[in-house]
Number of protein chains: 2
Amino acid sequence: MHQETRILLAHGNGGRFMRELIGAIFARHLANPLLDTDADAVRLPPLRGQSVLTTDGFTVQPLEFPGGDLGSLAVHGVVNDLAVCGAEPRYLTLSAIIEEGLEWATLDRLIASFARAAREAGAVVACGDTKVVRHGEGGGLYLTVAGVGELMAQTPPSPHRIGEGDVLLVSGPVGDHGIAVMLAREQFGLSGSLKSDSASVLALTRAVWDLPGLHFMRDPTRGGLATVAHEIARATRFGVVLEQARIPVRDAVTSVCEMLGYDPYYLACEGRVVAVARPDTADEVLRRWHALPGGELATRIGRIEAGKARVTLATALGGRRLLEELEDDPLPRIC
Amino acid sequence: MHQETRILLAHGNGGRFMRELIGAIFARHLANPLLDTDADAVRLPPLRGQSVLTTDGFTVQPLEFPGGDLGSLAVHGVVNDLAVCGAEPRYLTLSAIIEEGLEWATLDRLIASFARAAREAGAVVACGDTKVVRHGEGGGLYLTVAGVGELMAQTPPSPHRIGEGDVLLVSGPVGDHGIAVMLAREQFGLSGSLKSDSASVLALTRAVWDLPGLHFMRDPTRGGLATVAHEIARATRFGVVLEQARIPVRDAVTSVCEMLGYDPYYLACEGRVVAVARPDTADEVLRRWHALPGGELATRIGRIEAGKARVTLATALGGRRLLEELEDDPLPRIC
């Protein structure tokens, strides 16, 4: 149907070219009984549980990287935001801002990847939009996704449920996504076998959201583990102590961080969960996570304590240092 | 709190700079009891009517133009998509992709404008996201909005309800937005007093969605009136006849179109409704619209007829010509 190998401005004009682009890529990959690419808005079948809403924009560069791509990342990002709130993803919206000149085949792969990830998460794309901007006014492709979830957790996780003596858990090693994306950029002249952890955490959260002693969950994306710890400290006014020796970091991540001067605790993850739970519940969370793919390396990494609302790293050598809030950051378009 | 006059990459990194940006602009303008800028997702109070979902990305250039700006346009676009489906807007999401170097004051004005338009439409912003991309990878600011509406129309408008003999109406002059935005771009070397029609059509749709003989509504944005006519022809397999002498086009729009070689029927509107109704209902729709601000110039512009699924323009001179589907279009970033 289409003769072009690259996206043209005319693919965004509302006319025949746009209709063909939507038919050949978006409607084809995302087809489901709800999606009507001719409609302005779609009526949603009612949910039994409470509706939960979230949105995220995705600008990662490069568009494809070891372990993932913009398409699946966009689904995982939104699905994970719902999952850590105790919700199952049901309906997604997909808005694409395409830069003139993007290869047709690249767009096709990314939207196919988006569709696959959505199916795996049990969510359907209910509606979408495409715009084309001139060359030099975009980043190849930006995707923005909104997600409507259905609340499943009986007592939804919330920072306000966190108490003194609670323990911090993480479902797997931190920093993989940040380093994998960085290494995939040519300017660093590095390469390695490290893959992004980009993945849905739905199975992990679903396995534990019936536990009343599970107080809080968050996916440590931009700003990483340290930023989640700061969010907890700000919201609760408690101190957060992270135990350096217990935080799982892959050797490859540690090496690149030492080489380039990064701290892995500030690097983005895209398939991890940080949880805060009562000590007895924490044991049960770990037991369940260890039995699940992606949770094998889950571990206890810290605790909530009375005192100042700050984040402290108990170092491997027995010392303590403050983990400051992230200030400047030389890594744009990490997600 | 902030010392900068322009947006930096660090304003998108998840750390302190981002928190300050969100606090100083987004949380300040968009504040409402539901919005928690620290949360990943938000639980929505249940709606009585069925939920309706839509999304749109907005890339208009320039960011501010006579009669509107990107902020209010983004609200109107999504509100109008819900309104023509017979729904009241309830919850919005707001995702901002900001280009490094955008002036802080510009962003502040645009988000203030977004907030004002949302309040006027009776919708609250439930959640949001901000990303910052490098200079040369964006267009100043791109906004993507998803909207959750509540279905109010008893018999929701749908192209499948359109029948032979139905009448086409438009709520006001066409092409204002397309020409106003074009004139606001320096490269045309033209200026004028023409303003975009960017506005919520909610009052217009709300006034008529109880009428059983109202079969279909659509806001003629990208691709304009002619593209809506083609959508009707494709969906119904009926012919659509537009009467040139009856289609309201402002003199200024006609002049610029003649000068630059555009056809006003393909130009974007951002505050108009095209409706299809039974003849008797059409009279009632016009009566109600004429009494409302923005509906004073509403008029009957065509009809649905048996025969080929095509769009015909009955010219002022008594002839007929086919209005082809929009092909190429030299006007990116019109919305």
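Residues numbered from 1 in each chain as written. Chains lettered and ligands numbered in written order. Predicted model: local features only at pLDDT ≥ 70, side-chain atom pairs only at ≥ 80, totals over all residues. Heavy atoms only, no water.

### Regarding the overall build of chain A
Part 1 of the argument: Per the secondary structure count, chain A includes eight helices and 14 strands.
Part 2 of the argument: Taking 2.2 N^0.38 as the reference for a compact globule, 335 residues should give roughly 20 Å; the C-alpha atoms of chain A span a radius of gyration of 21 Å, in line with that estimate.
Part 3 of the argument: Among the 335 residues that make up chain A, the fraction classed as buried is 63%.
Part 4 of the argument: Of the contacts made within chain A by residues no fewer than 6 positions apart, 84% connect residues no fewer than 24 positions apart.
Part 5 of the argument: When the accessible surface of chain A is totalled, it reaches about 12400 Å², and 50% of it is carbon and sulfur.
Part 6 of the argument: Where the 33 positive side-chain charges of chain A centre and where its 41 negative ones centre are 4 Å apart. (Helix = DSSP H or I, 4+ residues; strand = E, 2+ residues; numbered from the N terminus. Rg over C-alpha atoms; globule rule 2.2 N^0.38 Å. Buried < 20%, exposed > 50% of the residue type's maximum accessible area, 1.4 Å probe, protein only. Contact = heavy atoms within 4.5 Å. Areas by Shrake-Rupley, 256 points an atom, 1.4 Å probe, with all protein chains shown as cover. Lys, Arg positive; Asp, Glu negative; His and termini not counted. Charge placed at Lys NZ, Arg CZ, Asp CG, Glu CD.)

### Overview of empty space enclosed by the protein
Part 1 of the argument: The tally for this structure, following the rule as stated, stands at one cavity of 30 Å³ or more.
Part 2 of the argument: The computed volume of the largest cavity comes to approximately 30 Å³.
Part 3 of the argument: In the lining of the largest cavity, the residues fall into five nonpolar, one polar and one charged. (1 Å grid on protein atoms, 1.4 Å probe; cavity = no way out; pocket = protein on both sides within 12 Å on 5 of 7 lines; lining within 4 Å. Points joined across faces, edges and corners; volume = space filled by probe spheres on them. Nonpolar A, V, L, I, M, F, W, Y, C, P; charged D, E, K, R; others polar.)

### Comments concerning the relation of the copies chain A and chain B
Part 1 of the argument: Superposition of chain A onto chain B requires a rotation of 180° combined with a translation of 0.0 Å along the rotation axis, giving an RMSD of 0.0 Å. A rotation of that kind, with that shift, is consistent with a two-fold axis. Minimal C-alpha separation from the rotation axis in chain A is found for A:Gly138, amounting to 2.3 Å.
Part 2 of the argument: Taken as a fraction of all interface residues of chain A, those also at the interface in chain B reach 100%, which identifies the copy contact as same-surface. (Least-squares fit on C-alpha atoms with pLDDT ≥ 70 in both.)

### What about the pairing of strand S9 (residues 214-218) of chain B?
Residues and elements named next belong to chain B.
Part 1 of the argument: Counting buried positions along S9 gives five out of five residues, so the element sits mostly inside the fold.
Part 2 of the argument: Where S9 lies against strand S11 (residues 274-277), four bridges are found, and the strand directions are antiparallel. What sits directly across from Leu 214, in S11, is Ala 277. (Pairing = 2+ DSSP bridges.)

### Remarks on the interface of chain A and chain B
Part 1 of the argument: Each partner contributes to the interface: chain A provides 71 residues, whereas chain B provides 71 residues.
Part 2 of the argument: Summed over both sides, the interface between chain A and chain B buries roughly 5900 Å², with carbon and sulfur atoms accounting for 51% of that surface.
Part 3 of the argument: Looking at the side of chain A facing chain B, the largest losses of area belong to A:Asp40, A:Leu53 and A:Arg222, adding up to 14% of the total buried there.
Part 4 of the argument: Counting the contacts that link chain A with chain B gives 12 salt bridges.
Part 5 of the argument: Salt-bridge contacts for A:Asp129 lead to B:Arg222; the nearest nitrogen and oxygen are separated by 3.0 Å.
Part 6 of the argument: At the surface where chain A touches chain B, the tally comes to 38 residue pairs in polar contact (both at pLDDT 80 or more).
Part 7 of the argument: Top contributing element to the side of chain A that touches chain B by residue count: strand S6 (residues 124-133) of chain A, with eight residues. (Buried area = accessible area lost by both parts, 1.4 Å probe. Salt bridge = Lys/Arg side-chain N within 4 Å of Asp/Glu carboxyl O. Polar contact = N/O pair within 3.5 Å; in protein donor to acceptor, adjacent residues only side chain to side chain.)

### Things to note about the domain arrangement of chain A
Residues and elements named next belong to chain A.
Part 1 of the argument: Its domain assignment divides chain A into domain 1 (9-32 + 49-151) and domain 2 (159-322).
Part 2 of the argument: A C-alpha centroid distance of 27 Å is found between domain 1 and domain 2.
Part 3 of the argument: Taken together, the 19 residues of domain 1 in the interface contact 22 residues of domain 2.
Part 4 of the argument: In this assembly, domain 1 packs against domain 2 so that about 1700 Å² is buried in total across both faces, 60% of it on carbon and sulfur atoms.
Part 5 of the argument: On the domain 1 side of the interface with domain 2, the three residues burying the most area are Pro 66, Asn 80 and Val 84, jointly 31% of the side's total.
Part 6 of the argument: Linking Arg 206 and Glu 88 is a salt bridge whose minimum nitrogen-to-oxygen distance equals 2.6 Å.
Part 7 of the argument: At the boundary of domain 1 with domain 2, the tally comes to eight residue pairs in polar contact (both at pLDDT 80 or more).
Part 8 of the argument: For the side of domain 1 that touches domain 2, the elements supplying multiple residues, two or more each, are helix H2 (70-83) and strand S5 (87-99).
Part 9 of the argument: Its residues assigned to classes, the side of domain 1 that touches domain 2 comprises 11 nonpolar, six polar and two charged. (Domains from an automatic or database assignment.)

### Topic: the pairing of S11(B)
All names here are of chain B.
Part 1 of the argument: Burial along S11 is two-sided: the residues Val 274 and Val 276 and Ala 275 and Ala 277 are all buried.
Part 2 of the argument: In this structure, strand S8 (residues 167-170) lies alongside S11, joined through four bridges in antiparallel fashion. Bridge pairing links Val 167 to Ala 277 in S11.

### As for helix H1 (residues 16-30) of chain A
Side chains of residues three or four places apart in an α-helix project in the same direction, reflecting 3.6 residues per turn.
All names here are of chain A.
Part 1 of the argument: Under the 1.5 Å per step criterion, the end-to-end length of H1 is 20 Å for 15 residues, consistent within 8% with the ideal 21 Å.
Part 2 of the argument: Along H1, the sharpest kink reaches roughly 40°, centred on Gly 23.
Part 3 of the argument: Among all positions in H1, only Phe 17, Met 18, Glu 20, Leu 21, Ile 22, Ala 24, Ile 25, Phe 26, His 29 and Leu 30 are buried.
Part 4 of the argument: The inward-facing, buried residues of H1 abut S5, helix H3 (104-120) and S6. (Expected span 1.5 Å × (residues − 1). Bend = angle between axes of the 7 residues up to and from the residue.)

### Points about the environment of A:Arg116
Part 1 of the argument: Considering the arrangement of structural elements, one finds A:Arg116 in helix H3.
Part 2 of the argument: For the pair A:Arg116 and A:Val75, spaced 41 residues apart in the sequence, the C-alpha separation amounts to 9.3 Å.

### Side note on the sheet that holds strand S7 (residues 141-151) of chain A
Part 1 of the argument: Strand order in this open sheet of five strands is S6(A)-S5(A)-S7(A)-S2(A)-S1(B), and the pairing throughout is mixed. The two strands at the open ends of the sheet, each matched to only one other strand, are S6 of chain A together with strand S1 (42-43) of chain B.
Part 2 of the argument: Alignment of strand S2 (residues 51-58) of chain A against S1(B), held across two bridges, turns out to be antiparallel. The residue of S1(B) that forms the bridge with A:Val52 is B:Arg43.
Part 3 of the argument: Along the sheet face, H2(A) touches S2, S5 and S7 of chain A and points at about 145° away from the line of S2(A). (Axes fitted to C-alpha atoms, helices over the stretch in contact; angles between N-to-C directions.)

### Structural notes on the packing of helix H4 (residues 176-183) of chain B against helix H7 (residues 251-260) of chain B
Residue and element names in this part refer to chain B.
Part 1 of the argument: Between H4 and H7, the least distance of the axes is 10 Å, while the angle of their chain directions is 60°. Relative to H7, the crossing made by H4 is left-handed. Taken together, the residues of H7 that come into contact with H4 (itself represented by Asp 176, Ile 179, Met 182 and Leu 183) are Val 253, Val 256, Cys 257 and Leu 260.
Part 2 of the argument: In the contact of H4 with H7, the residues fall into seven nonpolar, no polar and one charged. (Left-handed = near helix turned anticlockwise from the far one by under 90°.)

### Focus on the packing of H2(A) against H3(A)
Residue and element names in this part refer to chain A.
Part 1 of the argument: Put simply, H2 and H3 touch, their axes get as near as 6 Å, and they point 30° apart. Taken together, the axes of H2 and H3 are roughly parallel relative to one another. The handedness of the crossing between H2 and H3 comes out as right-handed. Facing H2, whose interface residues are Leu 70, Gly 71, Ser 72, Ala 74, Val 75 and His 76, H3 presents Leu 110, Ser 113, Phe 114, Ala 117 and Ala 118. (Parallel < 35°, antiparallel > 145°, perpendicular 65-115°, else oblique.)

### Observations concerning the sheet that holds strand S8 (residues 167-170) of chain A
Residues and elements named next belong to chain A.
Part 1 of the argument: Pairing is mixed across the open sheet formed by seven strands, whose spatial order is S9-S11-S8-S12-S10-S13-S14. Edge positions in the open sheet fall to strand S9 (214-218) and strand S14 (320-322), since each of these has one partner strand only. The average angle at which neighbouring strand axes cross in this sheet is 25°, direction not considered.
Part 2 of the argument: Note that strand S10 (residues 239-243) and strand S13 (residues 311-314) share four bridges and pair parallel. Across the sheet, residue Leu 242 finds its bridge partner in S13, namely Leu 313.
Part 3 of the argument: Contacts between helix H6 (residues 224-236) and the sheet are confined to S9, S10, strand S11 (274-277), strand S12 (299-305) and S13, with S10 contributing the most and set at about 155° to the helix.
Part 4 of the argument: Relative to the sheet, helix H8 (residues 279-290) contacts S8, S9, S11 and S12, its axis offset from that of S8 by approximately 10°.

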